[in-house]
Amino acid sequence: MSGLLHLLIAYIALKVAWTAGGGSADQSGALATLANSTGGPFVLWLAVVGFVLLAVWQLTEAVSGAHGAEASDRAKNVGKMVVYAVLAWTALTFATGSSTSSEGQTKDFTAGLMQQTGGRVLVGAIGLGVIGVAGYHVYKGWKKKFLEDLREHPGSWAVHAGRFGYIAKGAALAVVGALFLVAAVHKAPSEATGLDGGLRTLREAPAGSILLTLVALGLAAYGIYSFARARYARV
């Protein structure tokens, strides 16, 4: 399902790069595209079940510390559990006929956080955290560290797709993190717009359409690699 989502996001990002519209270039936009396609609702219900099972699996790994996992490994399991749980909830809203906007949720979350004591610091910390994750994606792709997540070599095509995909996804996340920092500095929650806002901001840069096209191709490559990862991942 992760591979399909990234391919849909890449498709929407390409539309954003070269047209005025294109829909939301994030998970909500991808799920909305899927919901409106033939057989989409059935696939969405399968996605809900799949994401829930993945979230439970990551929680089990975090609690049991399987395979001699260290504290850092358990923390990664918890982080993945949260991501899968959010994806399950988002897929459920579309499967039941509702809709949600990741950008709107991000703005509301940022606005609520800023109203708390030290909220701007927390928003800034989130921005730095996202940039850190972005840097790790670039590093993981450049050094081909993602191969360590697999039980065997997936083939040269998957390696090239994974490398390009991780670097491109890191670049997109870096823009998202920068927008959180801008929101914290300017005390403007509307500046924190998530992945969709980050990609649209990238389009407005010099040669933005070309840059966004490269990122879209990278996200598509990540989606292709995800299919290989699903087959060869360590369990």
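Structure: above.
Please read these numbers as outputs of a predicted model, since none were measured by experiment.

Draft legend 1. Just the packing of aromatic side chains, in detail. Evaluated as defined, the whole model comprises five aromatic pairs. Residues Phe146 and Tyr166 carry aromatic rings whose centres are separated by 5.4 Å and whose planes lie at 10 degrees to one another, so their mutual orientation is stacked. Here the residue Phe146 occupies a position in the loop between helix 6 (119-142) and helix 7 (156-186), and Tyr166 occupies one in helix 7, the gap between them amounting to 20 residues. Each member of the pair, Phe146 as well as Tyr166, carries the same accessibility label: buried. Ring pairing ties together the aromatic residues Phe146, Tyr166, Tyr222 and Tyr225, which thus form one cluster. The aromatic ring of Trp142 is capped on one face by Arg163, whose charged end is 4.7 Å from the ring centroid.

Draft legend 2. Looking closely at the side chain of Lys169. Within the secondary structure, Lys169 sits in helix 7. Notably, Lys169 is buried but unbridged: the nearest opposite-charge side chain belongs to Asp149, and the N-O separation is 11 Å. Within the local environment of Lys169, its side chain forms a polar contact with the side chain of His6, the two groups lying 3.1 Å apart. Contacts of Lys169, omitting those with residues within four sequence positions, involve His6, His137, Leu219 and Tyr222.

Draft legend 3. Focus on the pattern of salt bridges. Under the counting rule described, the total for this entry stands at two salt bridges. Lys140 is the salt-bridge partner of Asp149, the closest N and O atoms lying 2.8 Å from each other. With a closest N to O distance of 3.5 Å, Glu148 and Lys145 form a salt bridge. What makes Lys145 partly exposed here is its relative accessible area of 30%.

Draft legend 4. Region of the structure containing a nonpolar patch on the surface. A contiguous nonpolar patch, built from Leu14, Trp18, Phe164, Ile210, Leu211, Leu214 and Leu217 and spanning about 660 Å² of accessible area, is present on the exposed surface. Among the secondary structure elements, those contributing two or more residues to the nonpolar patch are helix 1 (2-18) and helix 9 (208-232). Per-element accounting of the nonpolar patch gives the leading share, four residues, to helix 9. Assignment of secondary structure puts Leu211 in helix 9. When its relative accessible area of 36% is taken as the criterion, Leu211 is described as partly exposed.

Parameters at a glance
The numbering scheme is per chain: residues are counted from 1 as the chain's sequence reads. Restriction of local features to residues with pLDDT of at least 70 applies here, the model being predicted, together with a cutoff of 80 or more for giving and counting side-chain atom pairs; totals for whole chains, interfaces and linings are based on all residues. Hydrogens and water molecules were not included; the side-chain quantities draw on all heavy atoms of the structure. Any pair of Phe, Tyr and Trp rings, taking the six-membered ring for Trp, is counted once the centres come within 6.5 Å. Such a pair is stacked with planes under 30 degrees apart, edge-to-face with planes over 60 apart, and tilted for the rest. The helix count covers DSSP runs of H or I at least four residues long, the strand count covers runs of E at least two residues long, and both are numbered beginning at the N terminus. Each residue is assigned to one of three classes by its accessible area relative to the maximum for its type, calculated with a 1.4 Å probe on protein chains only: buried under 20%, partly exposed between the two thresholds, exposed over 50%. In this scheme, the term charge over a ring applies when either NZ of a lysine or CZ of an arginine sits within 6 Å of the ring centre and within 35 degrees of the ring normal. Just so you know, the count uses Lys and Arg for positive and Asp and Glu for negative, and it drops His and the chain ends. The term salt bridge refers to a side-chain nitrogen of Lys or Arg lying within 4 Å of a carboxyl oxygen of Asp or Glu. Pairs of N or O atoms are called polar contacts if they sit within 3.5 Å, as long as, within protein, a hydrogen donor faces a hydrogen acceptor (for residues adjacent in sequence, only side-chain-to-side-chain pairs). Only heavy atoms enter the contact rule, under which two residues are in contact if any of them lie within 4.5 Å. A patch consists of residues whose relative accessible area exceeds 30% and which take part in no salt bridge; residues with like charges are grouped when within 9 Å of each other, and nonpolar side chains (Val, Leu, Ile, Met, Phe, Trp, Tyr) when within 5 Å. Note on areas: these come from Shrake-Rupley sampling with a 1.4 Å probe, and a residue is covered only by the protein chains present in the view.

Without other data, these values stay purely geometric and don't point to any function.
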